[in-house]
Amino acid sequence: GAVVSQHPSWVICKSGTSVKIECRSLDFQATTMFWYRQFPKQSLMLMATSNEGSKATYEQGVEKDKFLINHASLTLSTLTVTSAHPEDSSFYICSARETGKIELFFGEGSRLTVL
Amino acid sequence: ILNVEQSPQSLHVQEGDSTNFTCSFPSSNFYALHWYRWETAKSPEALFVMTLNGDEKKKGRISATLNTKEGYSYLYIKGSQPEDSATYLCAQTSGYSTLTFGKGTMLLVSP
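Residues numbered from 1 in each chain as written. Chains lettered and ligands numbered in written order. Predicted model: local features only at pLDDT ≥ 70, side-chain atom pairs only at ≥ 80, totals over all residues. Heavy atoms only, no water.

(A) Examining the pattern of salt bridges more closely. Using the criterion set out here, one finds seven salt bridges over all chains in the structure. Where A:K66 meets A:D88, a salt bridge forms, and the shortest distance between an N and an O atom there is 2.9 Å. Within this pair, whereas A:K66 is found in the loop between strand 6 (57-58) and strand 7 (67-73), its partner A:D88 is found in the loop between strand 8 (76-81) and strand 9 (90-97), the two being separated by 22 residues in sequence. When sorted by exposure, A:K66 lands in the same class as A:D88, which is buried. With its nearest N and O atoms 3.6 Å apart, the salt bridge here joins A:E98 to A:K101. Take A:E98: its relative accessible area is 25%, and that puts it in the partly exposed class. Relative accessible area serves as the criterion here: at 45%, A:K101 is assigned to the partly exposed category. Counted as one network, the salt bridges with shared partners bring together B:R37, B:E39, B:K42 and B:E45. (Salt bridge = Lys/Arg side-chain N within 4 Å of Asp/Glu carboxyl O. Helix = DSSP H or I, 4+ residues; strand = E, 2+ residues; numbered from the N terminus. Buried < 20%, exposed > 50% of the residue type's maximum accessible area, 1.4 Å probe, protein only.)

Here it is, written out as structure tokens:
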């Protein structure tokens, strides 16, 4: 199956710093990528939909100025958590959909801990 | 907002047992139902995508059924093996849009 690579897998940062997470589709082109967040014992919750060459669409309650998403190419989307705070500590995972298809492929996820 | 429910939350079976999980979802505006298998520290792996009422899909010892009129899907594992231990996620999409996930069923298969 198609492969999506996400890194870093783990990141620990100080409060107030920014962290960038990358999501790459390795063997297919993804017009659309999705970013999810999961808190303990909760569902994966969609944060935003990232479209190549255009602005991301954010879900209600997700601050677009805090979670910056860039989808500059058909194989790369990045999520930057700006001025991170401890409450941003969570598991972030991306997925990508090959153009014209239904199936989604996921990255391995990134565990963010903000001290 | 879609509300996808999975049960049970967790399950512990012995090797060789057969088991099944349930995924419930709103039946209105249904487009597709996805099942994923998620092992710790790995990417969720797509098992099935089902779109039609009455769909049944099979992959080795794992199979799934879909009832879009009443809003549920079952995932069956025949003769569970320790390597089947994982969290099984279902997700629904309405229209060609994003997935809404359930919380998952965590399966542990003991040798």
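(B) Local environment of the state of the cysteines. All names here are of chain A. All chains considered together, the criterion is met by two disulfides over all chains. The side chain of C23 participates in a disulfide bridge whose partner is C94; the two sulfur atoms lie 2.0 Å from each other. Measuring handedness by torsion sign, the sulfur bridge of C23 and C94 sits at about 80 degrees and is right-handed. Of this pair, C23 sits in strand 3 (residues 19-25) while C94 sits in strand 9; the two residues are 71 residues apart in sequence, bridging distant segments of the chain. Judged by its relative accessible area of 0%, C23 falls in the buried class. On the basis of relative accessible area, C94 is assigned to the buried category, the value being 0%. (Disulfide = S-S within 2.5 Å.)

(C) Summary view of the environment of A:S9. All names here are of chain A. Take S9: it is sitting in the loop between strand 1 (4-7) and strand 2 (10-13). Classification of S9 as partly exposed rests on a relative accessible area of 38%. A sequence separation of 98 residues divides S9 from G107, and the C-alpha atoms of the two residues are 9.6 Å apart. Excluding its chain neighbours within four sequence positions, the residues that come into contact with S9 are G109, S110 and R111. (Contact = heavy atoms within 4.5 Å.)

(D) Layout of the interface of chain B and chain A. At the junction of the two partners, chain B supplies 18 residues and chain A supplies 21 residues. Roughly 1,600 Å² of surface becomes buried between chain B and chain A when both sides are summed, with 63% attributable to carbon and sulfur atoms. In this assembly, chain B and chain A are joined by zero salt bridges. Summed over the shared surface of chain B and chain A, the number is four residue pairs in polar contact (both at pLDDT 80 or more). (Buried area = accessible area lost by both parts, 1.4 Å probe. Polar contact = N/O pair within 3.5 Å; in protein donor to acceptor, adjacent residues only side chain to side chain.)

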